[in-house]
Amino acid sequence: MFHSFLYIDPGTGSMLFSIIMGLLTTAYFVLKAALVKIKFALTSSSGRNTIKGRKRGIVIYSEGNRYWNVFGPVLEELNRRGVSALYYTSQEDDLVFQADLKSIESEYIGKGNKAFAKLNFLEADICLMTTPGLDVYQLKRSRGVGHYAHVLHSVDDATSYRLFGLDYFDSVLLSGEYQKIAIRALERKREISEKELVVVGCPYLDVLRSRVTKEVRPESDEKVILVAPSWGPSALLSRYGEKLLDPLIRTKDRIIIRPHPQSLVSEAPLITRLVEKYAETPNVEWDYSNDNVATLGRSDVMISDFSGVIFDYAFLFNRPFFFAAADYDDAIYDSSDLDETPWKFQAIASMGIELSESMFADIGEYVRRAARDPELNEKRKIARDTAWQCRGEASSRIADFLIEKQREISC
């Protein structure tokens, strides 16, 4: 009977954690300041008038291996230059622990609130992360950090984060100039300080680009069609399932189905049913690999929805894709505070082909027509040049930024 009074819902728990951490961090830095003053008073008479604490120079925080293609190249660049940095990670078997990076100190700091507790007491000149929501919920600005920088881990709009995702960073490192427009509009609307916005490129696309094969693929009557959806009720497989897959299979083309990793968790019954149905179908294969480059490279055409894999495919291989339009409720995202449609949706509609059920019966013909469309080819190039600038230079530019910013702060 009394247990019901002890329950704390997740939202309330998050708020309580934020309040407690705020009080603890304030107390920590007030106490530390007092100790420094005492230590200064005790040592000043002997001529020692500087106090050297344990403050770090450059700190990078990663949530785990899915961001290794963002941070790995930056760490390698810093290491190549002999620049020291501390790398915090929330993945116990992070790839950093296998890397030979003499200048980089690495530490696993746990997940969730445990990691945030560590970061909230951080003392560093500059801290770089892909994690949004600084000073919104559990992840607080530490008084011991001179500068917080956020690096976008995709070529997506900077307004695709949940509300206030970037508001309290000091700088944001962008993949393209176009992302500045929406950030500045949000700053004006919310009456917050302007952040430093620096275009550096997209490190993970640079990594994937270096692995794309240059060999010419032979012409063939058989096409390889990649079905690569997002997940959830509005995603491709949930909306259409067999209605789309059956006519695709009847084309006799090679069909590769690559479910979103979250589908295997949240939509397991759906995936199991489809796998069992097509188990004996010779022209169907399922791809669950962590790395998508090889699969993207094999395909002639991709069918998706609004998954971010569209940009990987269009920008790395410049091949046609179909997208299934879905109702998009952006009420909890930063884009909801702006009047314009996010660039992502404009770009997808411009360089892709919208898929509807009326096309299913003749899907094979639509696939062949799309593969020959020179206008779409040019539009994909325009979108790539807009969203992915400084190609091949991202890790170097990010390292330059970190080193220069750390020098400014420490002087």
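Residues take numbers from 1 onward in each chain, read along the sequence in its written order. In view of the model being predicted, local features appear only for residues whose pLDDT reaches at least 70, and side-chain atom pairs are presented and counted only at 80 or more, with totals across whole chains, interfaces and linings using the full set of residues. The basis for every side-chain value is the complete set of non-hydrogen atoms in the structure, without hydrogens or water.

1. A few points about the overall build of the protein
At step 1: Across its full length, the protein holds 15 helices and 13 strands.
At step 2: Buried residues are those whose accessible area, probed at 1.4 Å on protein chains only, stays under 20% of the maximum for their type, while exposed residues exceed 50% and partly exposed ones sit between those limits. A buried classification covers 48% of the 411 residues belonging to the protein.
At step 3: The contact rule is simple, with two residues in contact once any of their heavy atoms fall within 4.5 Å. Looking at the protein alone, contacts between residues at least 24 apart form 68% of all its contacts between residues at least 6 apart.
At step 4: Counting only carbon and sulfur atoms, one obtains 52% of the accessible surface of the protein, whose full area is about 21000 Å². Every helix listed is a DSSP run of H or I at least four residues long, and every strand listed is a run of E at least two residues long, numbered separately from the N terminus. All accessible-area figures derive from a Shrake-Rupley calculation using a 1.4 Å probe, and residue coverage is judged against the displayed protein chains alone.

2. Some details on the sheet that holds strand 4 (residues 124-129)
At step 1: Strands are labelled as partners when DSSP assigns at least two bridges between them. The strand order across the open sheet formed by seven strands is 3-2-1-4-5-6-7, and the pairing between neighbours is parallel. Edge positions in the sheet fall to strand 3 (104-108) and strand 7 (196-199), since each has one partner strand and no second. Taken over all neighbouring pairs, the strand axes of this sheet differ in orientation by 20 degrees on average, direction set aside.
At step 2: Pairing of strand 4 with strand 5 (residues 145-151) involves five bridges; the strand directions are parallel. Counted as the bridge partner of Ala-124 is Val-145 from strand 5.
At step 3: Axis definition: a line fit to C-alpha positions, over the contact stretch in the case of helices; interaxial angles, taken between N-to-C directions, run 0 to 180 degrees. The strands touched by helix 2 (residues 68-80) within the sheet are strand 1 (56-62), strand 2 (85-89), strand 3, strand 4 and strand 5, with strand 1 carrying the most contacts at an inclination of about 155 degrees.

3. Structural notes on the nonpolar core
At step 1: We define a nonpolar core as any set of buried Ala, Val, Leu, Ile, Met, Phe, Trp, Tyr and Cys residues linked to one another through side-chain atoms lying within 4.5 Å. Ile-60, Leu-78, Leu-128, Met-302, Phe-315, Phe-321 and Leu-402 are the most contacted members of the largest nonpolar core, which totals 57 residues.
At step 2: Take this core: its biggest share by element is eight residues, from helix 11 (residues 309-317).

4. A closer look at a nonpolar patch on the surface
At step 1: On the surface, Leu-264, Val-265 and Tyr-288 cluster together to form a nonpolar patch covering roughly 300 Å² of accessible area.
At step 2: With respect to the helices and strands, Tyr-288 occurs in the loop between strand 10 (284-286) and helix 10 (293-298). Exposure above 30% relative accessible area and the lack of any salt bridge qualify a residue for a patch; like charges then connect within 9 Å, and the nonpolar side chains Val, Leu, Ile, Met, Phe, Trp and Tyr within 5 Å. Only one rule defines a salt bridge in this text: a Lys or Arg side-chain nitrogen within 4 Å of an Asp or Glu carboxyl oxygen.

5. Some thoughts on the packing of aromatic side chains
At step 1: In this scheme Phe, Tyr and Trp rings, the latter by its six-membered ring, pair at centre separations within 6.5 Å, and the angle between planes marks the pair as stacked below 30 degrees, edge-to-face above 60, and tilted otherwise. Enumeration over the complete set of coordinates arrives at 10 aromatic pairs.
At step 2: On the basis of an interplanar angle of 90 degrees and a centroid distance of 5.1 Å, the ring pair of Tyr-240 and Phe-360 is categorised as edge-to-face. Highlighted residues: Tyr-240 in the loop between helix 6 (236-239) and helix 7 (242-250) and Phe-360 in the loop between strand 13 (353-354) and helix 13 (363-371), separated in sequence by 120 residues.
At step 3: Residue classification places Tyr-240 among the buried residues on the basis of a relative accessible area of 10%.
At step 4: A relative accessible area of 5% places Phe-360 in the buried class.

6. Side note on the side chain of Ser-103
At step 1: Within the secondary structure, Ser-103 is located in the loop between strand 2 and strand 3.
At step 2: Assessed through its relative accessible area of 16%, Ser-103 is described here as buried.
At step 3: Discounting residues that sit within four places of it in the chain, Ser-103 has contacts with Asn-79, Gly-82, Val-83, Ser-84 and Ala-85.

7. Digging into the packing of helix 7 against helix 9 (residues 268-277)
At step 1: Between helix 7 and helix 9, the least distance of the axes is 12 Å, while the angle of their chain directions is 25 degrees. Classified by the angle their axes make, helix 7 and helix 9 are roughly parallel. Viewed along their axes, helix 7 and helix 9 form a crossing whose handedness is right-handed. For the pair helix 7 and helix 9, the contacting residues are Glu-242, Leu-245 and Asp-246 in the first and Arg-273, Leu-274 and Lys-277 in the second.
At step 2: Three classes are used: nonpolar for Ala, Val, Leu, Ile, Met, Phe, Trp, Tyr, Cys and Pro, charged for Asp, Glu, Lys and Arg, and polar for all others, with Gly counted as polar. By residue class, the composition of the contact of helix 7 with helix 9 is two nonpolar, no polar and four charged. In this scheme, roughly parallel covers angles under 35 degrees and roughly antiparallel covers those over 145, while 65 to 115 is roughly perpendicular and the rest are oblique. Handedness of each helix crossing follows the sense of rotation of the near helix against the far helix: counterclockwise by less than a right angle gives left-handed, clockwise gives right-handed.

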